[in-house]
Amino acid sequence: MDTQKNKARLLLSHATTLNLHTGNLVNRSRLKKKCPSSPSEELQDCIRATLSEWSAKINPTLENELPSVLDCTVSQATDAITPEEREELKVSVKLFMSGSDCSSIESAVDMACVSLGVSLLDSVIIAPPPLPEGESLTLEHLKPLWAVLECLVLNRKIAAIGTSDLDKALLEQLYNWAKVKPSSNQVNLASCCVMPPDLTAFAKEFDIQLLTHNDPKELISATSFQEAVQESTDDLQVADWGLEWVLRYSVIVKSRGIIKSKGYLVQANRSTQ
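Anyway, here's the lowdown on the structure attached to this text. Predicted, not measured: the structure shown is a model, and the values here were computed from it.

Cut-offs applied
- Residues numbered from 1 in each chain as written.
- Predicted model: local features only at pLDDT ≥ 70, side-chain atom pairs only at ≥ 80, totals over all residues.
- Heavy atoms only, no water.
- Pairing = 2+ DSSP bridges.
- Helix = DSSP H or I, 4+ residues; strand = E, 2+ residues; numbered from the N terminus.
- Axes fitted to C-alpha atoms, helices over the stretch in contact; angles between N-to-C directions.
- Contact = heavy atoms within 4.5 Å.
- Buried < 20%, exposed > 50% of the residue type's maximum accessible area, 1.4 Å probe, protein only.
- Arc of directions from axis to C-beta.
- Salt bridge = Lys/Arg side-chain N within 4 Å of Asp/Glu carboxyl O.

Side note on the sheet that holds strand β7 (residues 209-213)
Piece 1. Taking strand neighbours across the sheet as the criterion, the nine strands line up as β2-β1-β9-β8-β3-β4-β5-β6-β7 in an open arrangement whose pairing is mixed. With partners counted over all chains shown, the strands left at the sheet margins are β2 (69-73) and β7, one partner each. Neighbouring strand axes in the sheet, compared pairwise and without regard to direction, differ in orientation by 20° on average.
Piece 2. Sheet analysis places strand β8 (residues 241-253) next to strand β9 (residues 258-270), joined by twelve bridges and oriented antiparallel. The partner of W245 across the bridge, within β9, is Q267.
Piece 3. Those strands touched by helix α7 (residues 222-233) are β1 (17-21), β8 and β9, and its axis lies near 85° from that of β8.

Pasting the structure below:
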């Protein structure tokens, strides 16, 4: 095992991009032993477990195989969707942005499509990157993110796009500005026990679905991500790694309303300065 962790550290030290896919959590018995107390804890557990399993299965020969982009996944735990079953399934995604690089949205959507074996995601909800303390989200923050999502809708990579934690005023501003209108808006019931009446009325008038969630403003902190990498690989250089985005997906059987698969995709970049 120590030899395998040495190989993992060697690969991480040469890579500048880390792509991680947890695989289908519905089928992965390792997470059934305990119930995570929060989405953040679940994600950290998933990162730790996926890296540990990946480290244990690294090819014994690494000569001339030190890629700059490292793909960490456990293939047998991943359920790709077959063309025959695609019509019966709904693929929903929530994308948590960590930085302001809007090109990350396209790379996240592409990675989700490849990982799940589909050409189109049925819905994508965007969670903008956390803002500095005291700064509030505005339409100007949303515009560049939404413009990329609109292009992906026009290119038939996404069928519907939605938002997270917008109040009535900001949702109305986005709706009036956008070419592709938001189809949904998530509301965090931890900070709002009852849907605000003005938001409910606006959503009903313009056919916007209101959903609930319990995600924190920052799904996983940089420190928690680095801790998960360090614990699973014994890599002491984790401070160089920074999260770009986290994508959470769920695949639902439409006729039965049950979750066929769910999981996370994560991308991180390493500073080489």
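Thoughts on helix α6 (residues 197-205)
Piece 1. Looking at α6, one finds that the buried residues are L199, F202 and A203. Down the axis of α6, the smallest arc covering the buried residues is 100°, so these residues share one side. More than 90 degrees from the buried face of α6, the exposed residues found are P197, K204 and E205.
Piece 2. For α6, the secondary structure elements touched by its buried residues are α5 (168-177), β6 (184-188) and β7.
Piece 3. Where α6 terminates, the next one or two residues include D207, which has phi positive at roughly 55°.

Brief notes about the pattern of salt bridges
As a working rule, side chains carrying opposite charge can pair if their charged atoms are close by.
Piece 1. For the coordinates displayed, the defined rule picks out nine salt bridges.
Piece 2. The shortest N-O distance in the salt bridge between K143 and E140 comes to 3.1 Å. In this pair, K143 and E140 are both assigned in helix α4 (residues 139-154), three residues apart and thus about one turn of the helix distant.
Piece 3. Owing to a relative accessible area of 22%, K143 belongs among the partly exposed residues under this scheme.
Piece 4. Residues joined by salt bridges that share partners form a network here, namely D45, R48 and E231.

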